[in-house]
Amino acid sequence: LLNFQTMIVDLTGLPVANASLLDEGTAAAEAMHVLFASRKPEKKNANRFFVSSDCFPQTIDVLRTRTEPIGVELVVGDASNHDFLNDNKIFGILLQYPTGSGEIIDYSGLIEKAHAKGIYCVVAADLLALALITSPGELGADIAVGSAQRFGVPMGYGGPHAAYFSCKDEFRRLMPGRVIGISIDRTGNRALRMALQTRE
């Protein structure tokens, strides 16, 4: 699990990763929950989460299910049109990278504009593609999520296909799942331990 977290940190360019999520759609929903709980003071009344129409349909479906009980309104639209950033009710956005059609888009400009308006950004990224393309962290993303299935993690390991989740340090205490850390045992030897466990 520590090796998995380290790989995710390296590929996503974000400082913290966990090792316990269900699948990509659920990870995206968990990211939305984290950002909703982390809204900036000027966004305390914001309750809309924008999702690019280029995201995978199963992810959008999971988000529709998970937003309703907590009073979040899901807005699905074209991310290339930045007009949605003018909506003061939007607290976060989700972008697919590469898109559902395989297009690789440089989201750095969009993310910079969003941050200037107090809007957080989640990037759902393909792990295998991240071996070659710019990482979500370098693009400025606050959270990166996705599926480990692309690296051959089989069904049953937290399945359907275990997800990954990494984020900026400011979200460490709200990040769902387990975080494995390195410690020292009572005899002074290196030891692995559950550094943080939320929800479970």
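Above this text sits the structure in question.
Residues numbered from 1 in each chain as written. Predicted model: local features only at pLDDT ≥ 70, side-chain atom pairs only at ≥ 80, totals over all residues. Heavy atoms only, no water.

> Just checking my understanding: could you explain the side chain of Ser135 for this structure?
Within the element layout of this structure, Ser135 appears in the loop between strand E5 (120-125) and helix H5 (136-139). You can call Ser135 buried: its relative accessible area is 5%. In terms of polar contacts, Ser135 uses its side chain to reach the side chain of Glu138, at 3.1 Å. Leaving out residues up to four positions away in the same chain, Ser135 has contacts with Leu11, Thr12, Gly13 and Leu130. (Helix = DSSP H or I, 4+ residues; strand = E, 2+ residues; numbered from the N terminus. Buried < 20%, exposed > 50% of the residue type's maximum accessible area, 1.4 Å probe, protein only. Polar contact = N/O pair within 3.5 Å; in protein donor to acceptor, adjacent residues only side chain to side chain. Contact = heavy atoms within 4.5 Å.)

> Explanation requested: the pattern of salt bridges in the structure shown.
Between side chains of opposite charge, a pair can form as their charged atoms come close. Per the stated rule, a full pass over the model turns up six salt bridges. For Arg48, the salt bridge goes to Glu73, with nearest N and O atoms at 3.2 Å. Taken together, the residues Arg48 in strand E2 (residues 48-52) and Glu73 in strand E3 (residues 73-77) connect sequence positions 25 residues apart. Glu73 sits in the partly exposed class, given a relative accessible area of 38%. Its salt-bridge partner being Asp142, residue Lys168 comes within 3.2 Å of it at the nearest N-O pair. Taken together, the positions of Lys168 in the loop between strand E7 (163-167) and strand E8 (177-184) and Asp142 in the loop between H5 and strand E6 (143-147) put the pair 26 residues apart, joining distant regions of the chain. Judged by relative accessible area, which is 25%, Lys168 ranks as partly exposed. (Salt bridge = Lys/Arg side-chain N within 4 Å of Asp/Glu carboxyl O.)

> What's the story with the pairing of strand E4 (residues 90-97) in this structure? I'm lost.
Side-chain direction in a regular strand flips from residue to residue, so the side chains alternate between the two faces of the sheet. Most of E4 sits inside the fold, with eight of its eight residues counted as buried. Sheet topology note: the E2/E4 ladder contains four bridges and is parallel. Looking across to E4, one finds that Phe50 is bridged to Ile93. Sheet analysis places E4 next to E5, joined by six bridges and oriented parallel. Across the sheet, residue Gln96 finds its bridge partner in E5, namely Ala124. For the crossover from E4 across helix H4 (residues 108-116) to E5, the handedness is right-handed. (Pairing = 2+ DSSP bridges. Right-handed = clockwise from strand over helix to strand, strands pointing away.)

> What should I look at first to understand the sheet that holds E7 in this one?
Either a parallel or an antiparallel arrangement is found when strands of a sheet pair, and the pairing is made through backbone hydrogen bonds. Sheet architecture is open: seven strands sit in the order E1-E7-E6-E5-E4-E2-E3, paired in mixed fashion. The strands lining the two open edges of the sheet, one partner per strand, are strand E1 (16-17) and E3. Across five bridges, E6 lies against E7 in antiparallel orientation. Within E7, the position partnered with Ser147 by the bridge is Ala163. Across the sheet, helix H2 (residues 24-37) touches E2, E4, E5, E6 and E7, and the angle it forms with E6 is around 165°. (Axes fitted to C-alpha atoms, helices over the stretch in contact; angles between N-to-C directions.)

> Please clarify how the environment of Asp10 should be interpreted in this entry.
If you trace the backbone, Asp10 turns up in helix H1 (residues 2-12). Here Asp10 falls in the exposed class, since its relative accessible area comes to 60%. The spatial distance from the C-alpha of Asp10 to the C-alpha of Leu130 is 9.5 Å, given a sequence separation of 120 residues.

> How do you make sense of the nonpolar core when you look at a structure like this?
In terms of nonpolar packing, the biggest core is built from 32 residues, with Phe49, Leu94, Ile143, Val145 and Phe165 touching the most fellow members. If you list the elements that add at least two residues to this core, you get H2, E2, helix H3 (57-67), E4, E5, E6 and E7. The leading source of residues in this core is H2, at eight residues. In this view, Leu94 contacts Ala28, Phe49, Phe50, Val51, Ser52, Cys55, Thr59, Leu63, Val122 and Ala124; residues no more than four positions away in its chain are not counted. With 31 residues, the next largest nonpolar core counts Phe4, Leu11, Ile111 and Leu130 among its residues. (Core = buried A, V, L, I, M, F, W, Y, C linked by side-chain atoms within 4.5 Å.)

> Is there a simple way to think about the packing of aromatic side chains in this case?
For any two aromatic rings, the description comes down to two numbers: the centre-to-centre distance and the angle of the planes. Under the definition given, this model contains five aromatic pairs. The interplanar angle of 45° and the centroid separation of 5.1 Å between the aromatic rings of Phe36 and Phe91 together place this pair among those described as tilted. In this pair, Phe36 sits in helix H2 while Phe91 sits in strand E4, placing the two residues 55 residues apart along the sequence. By the burial criterion, Phe36 is buried, and Phe91 matches it. Geometrically, the ring pair formed by Phe50 and Phe84 is stacked, given 3.7 Å between the ring centres and 0° between the ring planes. Of this pair, Phe50 sits in strand E2 while Phe84 sits in the loop between E3 and E4; the two residues are 34 residues apart in sequence, bridging distant segments of the chain. Take Phe50 and Phe84: they sit in the same class, and that class is buried. A cation over an aromatic ring shows up here: Arg39 above the ring of Phe36, its NZ or CZ 3.9 Å from the ring centre. (Phe/Tyr/Trp six-rings, centres within 6.5 Å; stacked < 30°, edge-to-face > 60°. Lys NZ or Arg CZ within 6 Å of the ring centre and 35° of its normal.)

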